[in-house]
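Fold and geometry: a report
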Amino acid sequence: ATAEDGPSITRAEGYQGPLFHISLKGGTSGSSPSLTIEGMTIHGGSDQEITATDPLIIIAEGNVKISQSKLCCNNNTSGTSLGGAVRCEEGAEVELISSEITECHSTKGGAVYSSGGLIVSGTSIYENTSAGDGSAIYSDGLSGVSVNNQSIIHSNSSDDDSGQITIVD
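Summary of the structure given here.

Calculation notes
- Residues numbered from 1 in each chain as written.
- Predicted model: local features only at pLDDT ≥ 70, side-chain atom pairs only at ≥ 80, totals over all residues.
- Heavy atoms only, no water.
- Salt bridge = Lys/Arg side-chain N within 4 Å of Asp/Glu carboxyl O.
- Helix = DSSP H or I, 4+ residues; strand = E, 2+ residues; numbered from the N terminus.
- Buried < 20%, exposed > 50% of the residue type's maximum accessible area, 1.4 Å probe, protein only.
- Pairing = 2+ DSSP bridges.
- Axes fitted to C-alpha atoms, helices over the stretch in contact; angles between N-to-C directions.
- Disulfide = S-S within 2.5 Å.

1. A few points about the pattern of salt bridges
Throughout the structure, instances matching the rule amount to four salt bridges. Note that E61 is salt-bridged to K25, the shortest N-O span being 3.9 Å. Of this pair, E61 sits in strand β5 (residues 57-61) while K25 sits in the loop between β2 (20-23) and β3 (34-38); the two residues are 36 residues apart in sequence, bridging distant segments of the chain. Taking relative accessible area as the criterion, E61 reaches 34% and is therefore assigned partly exposed. For R87, the salt bridge is made with D54, and the minimal N-O distance between the two is 3.9 Å.

2. Digging into the sheet that holds strand β6 (residues 63-67)
The five strands are arranged β3-β6-β9-β12-β16 in an open sheet whose pairing can be described as parallel. The strands lining the two open edges of the sheet, one partner per strand, are β3 and β16 (145-147). In this sheet, neighbouring strand axes are inclined to one another by 10 degrees on average, regardless of whether the strands run parallel or antiparallel.

3. A closer look at the state of the cysteines
For the coordinates displayed, the defined rule picks out one disulfide. Paired through a disulfide, C72 and C104 show a sulfur-sulfur distance of 1.9 Å. Because the sign of the S-S torsion sets the handedness, a value of about 140 degrees for the bond joining C72 and C104 places this disulfide among the right-handed ones. Here C104 lies in strand β10 (residues 100-106) and C72 lies in strand β7 (residues 70-76), a separation of 32 residues in the sequence. Residue class for C72 comes out buried when judged on its relative accessible area of 0%. Overall, the relative accessible area of 2% leaves C104 in the buried class.

Structure, rendered in C-alpha cells:
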C-alpha cells in the first residue's frame with residue numbers, strides 16, 4: 001500500500017498534541033516490541049490554522065517503522081517543540097522507509113528530532129523549516145543515525161542558517 005491508497009488522518013480543529021504517542025513496553029527476551037505504520041497520510045492541520053505544540057508522532061519507547069507513508073503535510077509547531085513530524089526519544093528507534101516528510105516546522109529538527117536511533121532509507125525529506133539547528137533532521141542521541149543514498153533531503157531551511165542535518169553527541 002502507498003500513502004495515496006491508504007487512510008488519511010488529519011489533526012482535528014483545536015487539537016494541538018501528537019496524533020500518535022507510541023510507548024511500546026515489554027517484548028520477548030532481548031528484543032524490543034515493534035510497530036509498523038504503513039501506507040498512511042498524516043496531516044498536521046495548519047491549513048485549518050492549527051499551530052501544534054507537538055509533532056505528529058512521538059515515539060517514547062520501542063521500535064517503530066514508518067513505511068510508504070506521507071507525513072506532515074502542513075504541520076506547524078511553536079514554542080519549544082522538537083521535531084515537526086517525528087520525535088524519537090532516548091531508548092526508542094525509528095526507521096523511515098520509502099516515505100515522504102514535507103512542510104513541517106519546529107524549533108529543532110524541522111522534520112525529525114531524535115534522541116534515539118534513526119534510520120532513513122529511500123525517504124524524501126523536503127521543504128521543512130526550523131527555528132534552530134537541523135532544518136530536516138536533528139539528532140542528539142548516541143544511538144546512531146543512518147541515512148542511505150536512496151534518500152533525498154533537500155530544500156529545507158532554518159532561521160539560523162544551520163545545516164539540513166545536525167548531529168550532536
